[in-house]
Protein chains: 2
Amino acid sequence: MQPKRNTWQREAVRASLAQARGFVSAQQLHQALRDGGSTIGLATVYRTLASLVETDEADTLQSPEGESLYRSCATKGHHHHLICRGCGDTVELSANLVEEWSQRVGAEHGFTEIDHVVDLFGLCARCRAKGDGAAA
Amino acid sequence: MQPKRNTWQREAVRASLAQARGFVSAQQLHQALRDGGSTIGLATVYRTLASLVETDEADTLQSPEGESLYRSCATKGHHHHLICRGCGDTVELSANLVEEWSQRVGAEHGFTEIDHVVDLFGLCARCRAKGDGAAA
DNA sequence: TTTCTAAATGAGAACGAGTCTCACTCTAGC
DNA sequence: GCTAGAGTGAGACTCGTTCTCATTTAGAAA
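The rules behind these values
Residues numbered from 1 in each chain as written. Chains lettered and ligands numbered in written order. Predicted model: local features only at pLDDT ≥ 70, side-chain atom pairs only at ≥ 80, totals over all residues. Heavy atoms only, no water. UniProt positions renumbered as here; feature names shortened; annotations may be inferred. Axes fitted to C-alpha atoms, helices over the stretch in contact; angles between N-to-C directions. Helix = DSSP H or I, 4+ residues; strand = E, 2+ residues; numbered from the N terminus. Parallel < 35°, antiparallel > 145°, perpendicular 65-115°, else oblique. Contact = heavy atoms within 4.5 Å. Nonpolar A, V, L, I, M, F, W, Y, C, P; charged D, E, K, R; others polar. Least-squares fit on C-alpha atoms with pLDDT ≥ 70 in both. Near = heavy atom within 4 Å. Buried area = accessible area lost by both parts, 1.4 Å probe. Salt bridge = Lys/Arg side-chain N within 4 Å of Asp/Glu carboxyl O. Polar contact = N/O pair within 3.5 Å; in protein donor to acceptor, adjacent residues only side chain to side chain. Pairing = 2+ DSSP bridges. Buried < 20%, exposed > 50% of the residue type's maximum accessible area, 1.4 Å probe, protein only.

The name that an unreviewed UniProt entry assigns to chain A is Transcriptional repressor, with the source organism given as Leucobacter edaphi. In its Subunit (unreviewed entry) section, the UniProt entry covering chain A states "Homodimer." For the record of chain A, the UniProt heading Subcellular location (unreviewed entry) holds the text "Cytoplasm".

Caption draft 1: Examining the packing of helix α1 (residues 8–19) of chain B against helix α2 (residues 26–35) of chain B more closely. All names here are of chain B. With their axes 10 Å apart at the nearest point, α1 and α2 run at an angle of 105 degrees to one another. As summarised for this structure, α1 and α2 are arranged roughly perpendicular, according to the angle between their axes. Counted together, Ala-12, Val-13, Ser-16 and Leu-17 of α1 and Leu-29, Ala-32 and Leu-33 of α2 form the full contact between these two elements. Looking at the contact of α1 with α2, its residues break down into six nonpolar, one polar and no charged.

Caption draft 2: Examining the relation of the copies chain A and chain B more closely. Between chain A and chain B, which share one sequence, the superposing operator has a rotation angle of 179 degrees and an axial displacement of 0.0 Å; the RMSD is 0.3 Å. One copy is carried onto the other by what is essentially a two-fold rotation axis. Taking the C-alpha atom as reference, chain A places Val-118 of chain A closest to the rotation axis, 2.2 Å from it. When you check the interface residues of chain A against chain B, 100% turn up at the interface there too, and the contact is symmetric in its surfaces.

Caption draft 3: Quick look at the protein's contact with DNA strand C. Neighbouring DNA strand C are 20 residues, the closest being Lys-4, Thr-7 and Thr-44 of chain A together with Tyr-46 and Ser-68 of chain B. The contact atoms of DNA strand C, taken as those within 4 Å of the protein, divide so that sugar and phosphate hold 66%. Contributing elements (two or more residues each) for the surface near DNA strand C: α3 (42–54) of chain A together with α3 (42–54) of chain B. Each residue belonging to the surface near DNA strand C can be placed in one class, and the counts come to five nonpolar, eight polar and seven charged.

Caption draft 4: The interface of chain A and chain B, seen in detail. Counting residues at the interface gives 38 residues for chain A, matched by 38 residues for chain B. With both chains or domains summed, chain A and chain B bury close to 3,000 Å², and 68% of this area falls on carbon and sulfur atoms. When the buried surface of chain A facing chain B is broken down by residue, Trp-101, Phe-111 and Leu-120 of chain A rank first, second and third, together holding 22% of it. There are two salt bridges connecting chain A and chain B. Ionic pairing is found between Arg-85 of chain B and Glu-113 of chain A, a salt bridge with its closest N-O pair at 3.9 Å. Across the chain A-chain B interface, the total number found is 16 residue pairs in polar contact (both at pLDDT 80 or more). At the level of secondary structure, the elements contributing two or more residues to the side of chain A that touches chain B comprise β4 (80–84), β5 (90–93), α4 (96–108), β6 (112–123) and α5 (125–130) of chain A. The element best represented in the side of chain A that touches chain B is β6 of chain A, accounting for 12 residues. Its residues placed into classes, the side of chain A that touches chain B shows 20 nonpolar, 10 polar and eight charged. Bridge count for β6 of chain A against strand β6 (residues 112–123) of chain B is nine bridges, and the pairing is antiparallel.

Caption draft 5: Representation of the pattern of salt bridges. The final tally for this structure, using the stated rule, is 14 salt bridges over all chains. When the shortest N-O distance is used, the salt bridge between Arg-104 of chain A and Glu-108 of chain A registers 3.6 Å. Residue Arg-104 of chain A and its partner Glu-108 of chain A are both found in helix α4; the two are separated by four residues, about one turn of the helix. A relative accessible area of 44% places Arg-104 of chain A in the partly exposed class. Take Glu-108 of chain A: its relative accessible area is 55%, and that puts it in the exposed class. A salt bridge links Glu-11 of chain B to Arg-14 of chain B, with the nearest nitrogen and oxygen atoms 3.1 Å apart. One end of the pair is Glu-11 of chain B and the other is Arg-14 of chain B, both in helix α1 and three residues apart, which spans about a single turn. The network of salt bridges with common partners includes Arg-10, Glu-11, Arg-14 and Glu-57 of chain A.

Caption draft 6: Examining the side chain of Ser-102 of chain B more closely. Within the secondary structure, Ser-102 of chain B sits in helix α4 (residues 96–108). Relative accessible area serves as the criterion here: at 0%, Ser-102 of chain B is assigned to the buried category. In this structure the side chain of Ser-102 of chain B is engaged in a polar contact, spanning 2.9 Å, whose partner is the backbone oxygen of Glu-99 of chain B. For Ser-102 of chain B, the residues in contact, after removing those within four places along its chain, are Leu-120 of chain A together with Ile-114 and His-116 of chain B.

Shown next as structure tokens:
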């Protein structure tokens, strides 16, 4: 649920999320805030991120390791992501092709209320130049 | 790594996975085996599933909750899934359209070594008829 | 401005999926 | 049948996330 009060903690999470280049975990965000001198609690970071996701102010996806990652997205509404597995940099994608495909394929098999998870992972030009296959 | 010995535990996991309609979690599989009278350990179920995935005898994906789910897939090689969120029933999809799209979009943004996560979730005809939106 | 109340917070306990350890078991080669 | 060592099971452990509850505080009302 979205909160009824504005707190500096909520603003701090929003700001920290906004200045991150790509997707970050709740733990990373919490650590970054603590490193910046904040006394914010981990539970609050989780709660705030969940509420930002609920109000469409943030996007979330699962890392391949199963961790939840968050990002403050410029594009409102449904979209997908192309994420650099080197530096985490993220490109937002709209993909009508994929939307149509998923609806069509779903219908072909008698499925309704089709939802889909579509995310691309790759190596951005900068990381490739660095020969940086994995490190952040 | 694939094991060098055949054990009844490995066969039991393979069989139990094969008779599951759709994707199941390691925990579910372990419980099912225990319920069936097996004394198999949870660690063994995890180890066996990991090795089945490694030898392409099983597919794995993350549930929206972040749990790893497993399935014994008929289609070898790369493919995607259309999964009923009611009963878990699964349709295997090949999607050249999506493969091409992901490569193209990646290239357009200067990304290489593109990998992708593409899964569709919906409600199959049977579950819709039952008015069954969520339950298993 | 002060008061008041319940929303929001923080610390840490609890939870759950998954991994690791290690003594024991059992496969398979001899 | 004997044996080595691969495989197993119980449970401790890790780590991300959620819950609990006493405390703090935003913001409406006085």
